[in-house]
Every structure is written in C-alpha cells, then in structure tokens.
Amino acid sequence: MYPDDASTGGRLSVSALRARRRARREQLARLRDNESTLLDRLYGTEFEGYSFPPPRDVDERTAVACMRFALRHGRELFLAGAETRAIESAIVAVTARWGMDHMTVDVTARTVQAQYAPPGERPLTMMMETGSKDSRDLRQLDDLSALTHRVLDEGLRPLDADRELTRIISLKGYWPWWTKVLGGALLAAMLCVLASGTPKAAVVAPVVFLVGNRFGWALSTSGLPSFYVTGLQTATVIGLTMVLADAHALTGGEAASVAAANMVLLLPILSVVSFAEDSISGFRAMAAGRLITVGMFLAAMVGGVSLVGFLLRDADADARSTAFRALPLVLSLVTSAVGALGNAVFMGGPPRLLPWAMGAGVLAGLVNGLLHQELGLATPLAVLGAAAVLGAAAGAVAPVLRIPSRSLVVPGIAGALLPGPDVYRSLLQYGLQVPGAGGYAVLAFVTTAAIGVGTVLGNHLGGAAQRRWAPASRGSSAARPG
C-alpha cells in the first residue's frame, strides 16, 4: 500500500512520507465514494492499517451468525467500558474481515444496531440492547480487545468467535471481590492525601470507603435503582465523617479530606469524560444519554448531602472546605502511581496491566504537576495538557502492547487528574445554601470535561504517530465466515 522504507533503515524520507500520505488520502477518497463500505470509519483507529479481504456474497444464515457475534461483542465492549468509537470500529473491522459489505452500524444510547443490505436481497436488521450502566471491567476489556485481534489476524470464524466470546463473559475476574474493594480503599487513601489529608485521615478514608461500598452493594442487591443507591451512599459518607468529627476522632479539616476523597469515588467523573469524548467524536445520541446519567447522579448526590445537612450546620469552617495539597513533585508521583494501581485493581485490571497503569499515573501526575506547579497554569489547563499527553502515550503504546488504550487512560486519570475537592465544596455549599457553590461546580465540570477533550486529542495524535512508524498494513489470508 505504501512505499517501502527498508532502504532508509526504517526512517522514511520526506518524499516517502508524502507518498504515503497521498496514498492514504486516495484510498480514503475511494472508500468514501463507495457507499457499500464502512471502512472509512476505520481511519484514525487502531484498525486503519489492516488490509481486508474483498467483499463476498454471504448467505442469510451466515450473515445472522456474523452479525450476532458483532452485536454481542459490541455490547460486551460497552459494558466493559470501551469508548463508543472503539465499539463501532471493532464491529466494522470484524464484519469487514468476514467479507460483508453493504453494512450499516449505529451505536446509540442504549442499543447497538446493524443492517446488512446487499443489492437485490432482503435487508437483514439486528439490534441488541446495551443497557445504560456505565461500568468498567479492565480484565474483560483486555480479553475482548484480544478477541477482536484474533478475528482480524487469525481469521477466526463467527461460530468459533462466538464461543470464545461466551467463554470470556463467563470468566471470573483475576481478583476476588475483596481484593477489588481493597484497591478502591487504597485509591481513597491516596485521594485523601492529595486533599490535604493527614496520615490519620488517610487511614480513616479507606474505612469510610469500605463502609460506603458495602452499604451500596447491599442496597443494589435489593433492586433499588442506582439513583437512590448513590444518594444514600453520599449521605452515609458525609454523615459518618461528620459523626467522627463531632466525636473528636477527626478534626474538621481531616473530616473534609476524608469526605472529599470518598465522594470522588461516587462521582460519575469517567461518565463526564466519556460524554466529552462522544460529543467530540460525533456520537450525539450517546453523549446525550451520558449527560442525562451524569445529571441524575449529581442530583442524587445533592439529595444525599441534603439528607444529612443538619450535621453540617454546626461544623467548623475546616469541615466545610478543603483543597488539593501542593505536594512536592516527587511525592505526588508516588501518590499518583499508588492511586493508579488502586484504580486498576478496583476495576479488575489483569496483572500484566498493573505496571503500565502505574506508569500512566506517573506520567499524568508529572505533566499535571509541571504545568500547574512549575508553570502556574490554571487547573483546567494543566489537566487538559496532562490528559492530552496521557492520551497520546496510550494511543502510541497500546497497539504495540495489545492493551486497549482505555485501560491505560482510566487508571492515569484516577491516579492524577480527578477534581475531587472542588466537587465536594460545591455539593456541601449547595446543601448549606452558602454562596459560591455554583463557581466550584462549574470549575469541577470544566476540569473534568478537559480530561475528555485532552484524552481524545492525545489519542488521535498518539495513534497517528504509531501508525506513521508502524508497518503499513496488516492482515492475513481471507477466511470465509461460517
């Protein structure tokens, strides 16, 4: 597809780079002129460099098997926490690998839809519901990504791929539930340190997290909607920390640090990040659905604060406010690494992911610290820059490691970029009807949205750099589906 660069020792000359870009533009133009293919949607994704077999006639029975796997695969990717664009590109790449053209694919807020409509044949339309739970399972995401590559590289047939997908879904996680909960507790401790927490507060924060987490689990097993679960968990966290402060087990400042750290873990921050990603990538229906989800979760948290507001009225000023501590840069990198590790375990990340997750946390923390502390940039701008660098690194490294870029980005965000104290102050000041709540809320939302904007930009830049130096095309001999 592209000029051979072997004669230059792996370094492309200027003319060779121009020829490669020209060939890429020409191929993209041909794909866009051909209404029977969706392969132009793969440009800018990790599957751009694959060479797919020519389209072929696929009978209805085989088409049903192909589409059934593709839709199941897309649903499980969504439930594991994959970004919407990655879900769409995986479905397009898999069906193209099996020679199916005249396909349309649509990922909406609650469903994944596909239609196979070759000329002269009855259109075949299938749909699968994804639900609205915005969950993340890094182990399953890793396995599902590997399955996508097996289909593309090895020509795995639809029925075999479907059986492998069923096996992946049935697998238990690498970590027992209590290990994952301890990972979340570790993350709570690190966030407490960042929120001006003392060593004692850093010890109490995981205990409060464990109480709130198990209380939320018990409520969810009863079938109570997540809206009420989140509100009651928020009330539990605030109420417990204020009771500890009233009993003089914690100072007002320590109580604020403990509460802020735990409220970060209840916030739908990663949903806000996904909302920004979907808005930029053009998935408007998905973005609208996520925005409604975020609004409902925040409303639930405001309601939870209001339930225990009477405990806050007599609290000292320190209990009503907290801020990020400007830790020395070296120490902040340690907390970022440990926080990213805790998040990776909390979300079920496999052992091979853990060192890379810690590296992502260190990278994000380093850039954020340099931009904010050394260069004096405002928090949203520093976070934007750190997220862009994190996304670029993930986009460049993930295809080489065969790790989904999301599995690197999420721990990095959790370890170094979460805007917890601003959200805490906003919710408490709103519950107490204290002026200034709106300003903190806007700052927290802008900072969180900046994470999504920076991540998308970084992923595009990192992916482009990786594809520039990677082999021009990949693929294997065509395998007939069935």
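See the structure printed just above.
Residues numbered from 1 in each chain as written. Predicted model: local features only at pLDDT ≥ 70, side-chain atom pairs only at ≥ 80, totals over all residues. Heavy atoms only, no water.

Student: Describe the overall build of the protein chain, with residues and values.
Tutor: Of the regular secondary structure elements, the protein chain holds 18 helices and 3 strands. With 482 residues in all, the protein chain has 54% of them scored as buried. Of the accessible surface of the protein chain, which amounts to about 20900 Å², a share of 61% is contributed by carbon and sulfur atoms. (Helix = DSSP H or I, 4+ residues; strand = E, 2+ residues; numbered from the N terminus. Buried < 20%, exposed > 50% of the residue type's maximum accessible area, 1.4 Å probe, protein only. Areas by Shrake-Rupley, 256 points an atom, 1.4 Å probe, with all protein chains shown as cover.)

Student: I'd like a description of the environment of Leu-210, backed by residues and values.
Tutor: For Leu-210, the location among the structural elements is in helix α7 (residues 199–221). Linking Leu-210 and Trp-178, residues 32 residues apart in sequence, is a C-alpha distance of 9.9 Å. Once residues lying within four places of it in the same chain are set aside, the contact partners of Leu-210 are Val-181 and Ala-185. (Contact = heavy atoms within 4.5 Å.)

Student: Tell me about the packing of aromatic side chains, residues and numbers included.
Tutor: In total, this model carries 3 aromatic pairs according to the counting rule given. Aromatic side chains Phe-209 and Phe-346 sit 5.8 Å apart centroid to centroid with 75° between the ring planes, which places their arrangement in the edge-to-face category. Note that Phe-209 is positioned in helix α7 and Phe-346 in helix α13 (residues 329–346), a separation of 137 residues in sequence. Accessibility expressed as a relative area gives 6% for Phe-209, which makes it buried. Measuring from ring centre to ring centre gives 5.2 Å for Phe-227 and Tyr-228, while their planes differ by 85°; the resulting arrangement is edge-to-face. (Phe/Tyr/Trp six-rings, centres within 6.5 Å; stacked < 30°, edge-to-face > 60°.)

Student: I'd like a description of the pattern of salt bridges, backed by residues and values.
Tutor: Pairs can form between side chains of opposite charge once their charged atoms are near each other. Under the definition given, this model contains 15 salt bridges. Salt-bridge contacts for Asp-153 lead to Arg-402; the nearest nitrogen and oxygen are separated by 3.1 Å. You can see Asp-153 sitting in helix α4 (residues 138–154) and its partner Arg-402 sitting in the loop between α15 (379–401) and α16 (405–416), a full 249 residues away along the chain. You can call Arg-402 partly exposed: its relative accessible area is 36%. A salt bridge links Glu-164 to Arg-167; the shortest N-O distance between them is 2.6 Å. Of this pair, Glu-164 and Arg-167 both sit in helix α5 (residues 158–170), 3 residues apart, roughly one helical turn. Here the salt bridges do not stand alone but share partners, grouping Arg-150, Glu-154, Glu-164 and Arg-167 into one network. (Salt bridge = Lys/Arg side-chain N within 4 Å of Asp/Glu carboxyl O.)

Student: Account for the sheet that holds strand β3 (residues 124–129), naming residues and giving values.
Tutor: The strand order across the open sheet built from 3 strands is β1-β2-β3, with neighbouring strands paired in antiparallel fashion. Strand pairing shows two members of the sheet lacking a second neighbour, β1 (103–107) and β3, which therefore form its edges. On average, each strand axis in the sheet is inclined to that of its neighbour by 10°, with strand direction left out of account. Two elements, strand β2 (residues 111–116) and β3, share 6 bridges in a ladder whose sense is antiparallel. Across the sheet, residue Gln-115 finds its bridge partner in β3, namely Thr-125. (Pairing = 2+ DSSP bridges. Axes fitted to C-alpha atoms, helices over the stretch in contact; angles between N-to-C directions.)

Student: Residue-level account of helix α10 (residues 269–281), with values.
Tutor: Across its 13 residues, α10 extends 19 Å between first and last C-alpha, which sits within 8% of the 18 Å expected from 1.5 Å per residue. Most of α10 sits inside the fold, with 10 of its 13 residues counted as buried. All buried positions along α10 are accounted for by Ile-269, Leu-270, Ser-271, Val-272, Val-273, Ser-274, Phe-275, Ala-276, Glu-277 and Asp-278. Just beyond α10, the residue with positive phi is Gly-282, at close to 95°. (Expected span 1.5 Å × (residues − 1).)

Student: Which residues make up the nonpolar core, and what are the values?
Tutor: Ranked by internal contacts, the top residues of the largest apolar core, which has 99 residues, are Met-67, Phe-69, Met-100, Tyr-116, Val-258, Ile-413 and Leu-417. The element contributing the most residues to this core is helix α2 (residues 60–80), with 9 residues. Every residue in contact with Met-100, bar those within four places of it in the chain, is listed here: Val-58, Ala-63, Cys-66, Met-67, Thr-95 and Tyr-116. (Core = buried A, V, L, I, M, F, W, Y, C linked by side-chain atoms within 4.5 Å.)

Student: Lay out the packing of α7 against helix α9 (residues 252–266) in plain terms, naming residues and giving numbers.
Tutor: Between α7 and α9, whose axes approach to 9 Å, the crossing angle comes to 40°. Judged by the angle between their axes, α7 and α9 are oblique. With respect to the hand of their crossing, α7 and α9 are arranged in right-handed fashion. Between α7 and α9, the contacting residues are Lys-200, Ala-201, Val-204, Ala-205, Val-208 and Phe-209 on the first element and Glu-254, Val-258, Asn-262 and Leu-265 on the second. For the contact of α7 with α9, the residue count by class is 7 nonpolar, 1 polar and 2 charged. (Parallel < 35°, antiparallel > 145°, perpendicular 65-115°, else oblique. Left-handed = near helix turned anticlockwise from the far one by under 90°. Nonpolar A, V, L, I, M, F, W, Y, C, P; charged D, E, K, R; others polar.)

Student: Explain α5 residue by residue, including any values.
Tutor: For α5, built from 13 residues, the straight-helix expectation of 18 Å at 1.5 Å per residue is met to within 8% by its first-to-last C-alpha distance of 18 Å. Considered for burial, the residues of α5 that qualify are Pro-158, Ala-161, Asp-162, Glu-164, Leu-165 and Ile-168. Projected onto a plane normal to the axis of α5, the buried residues spread over an arc of 165° and lie on a single side. Exposed and facing more than 90 degrees away from the buried side of α5 are Arg-163 and Ser-170. Of the surrounding secondary structure, the elements contacted by the buried residues of α5 are α2 and α4. (Arc of directions from axis to C-beta.)

Student: Any details on the environment of Leu-418? Residues and values, ideally.
Tutor: Here Leu-418 lies in the loop between α16 and α17 (420–431). On the basis of relative accessibility, which here comes to 10%, the residue Leu-418 falls in the buried class. Measuring from C-alpha to C-alpha, the distance between Leu-418 and Ala-261 comes to 9.9 Å, with 157 residues separating the pair along the chain.

Student: I'd like a description of a nonpolar patch on the surface, backed by residues and values.
Tutor: Taken together, the side chains of Phe-215, Leu-224, Tyr-228, Leu-232 and Leu-307 make up a nonpolar region of the molecular surface, amounting to roughly 430 Å² of accessible area. For Phe-215, the location among the structural elements is in helix α7. Looking at Phe-215, the relative accessible area reads 31%, which means it is partly exposed. (Patch = residues over 30% accessible without salt bridge, like charges linked within 9 Å, V, L, I, M, F, W, Y side chains within 5 Å.)

Student: Tell me about the pairing of β2, and name the residues and values.
Tutor: Of the pairings in the sheet, the one linking β1 to β2 comprises 5 bridges and is antiparallel in character. The residue bridging Asp-106 from the neighbouring strand is Gln-113, located in β2. Counted between consecutive antiparallel strands, the loop separating β1 from β2 contains 3 residues.

Student: Tell me about the packing of α2 against α5, residues and numbers included.
Tutor: Their axes nearest at 9 Å, the elements α2 and α5 cross at an angle of 25°. As judged from the angle between their axes, α2 and α5 are roughly parallel. Of the two possible hands of crossing, α2 and α5 adopt the one that is left-handed. Residues Ala-65, Cys-66, Arg-68, Phe-69, Arg-72, His-73 and Glu-76 of α2 lie in contact with α5, whose contacting residues are Pro-158, Leu-159, Ala-161, Asp-162, Leu-165, Thr-166 and Ile-169. Along the lines of polarity and charge, the residues of the contact of α2 with α5 split into 8 nonpolar, 2 polar and 4 charged.

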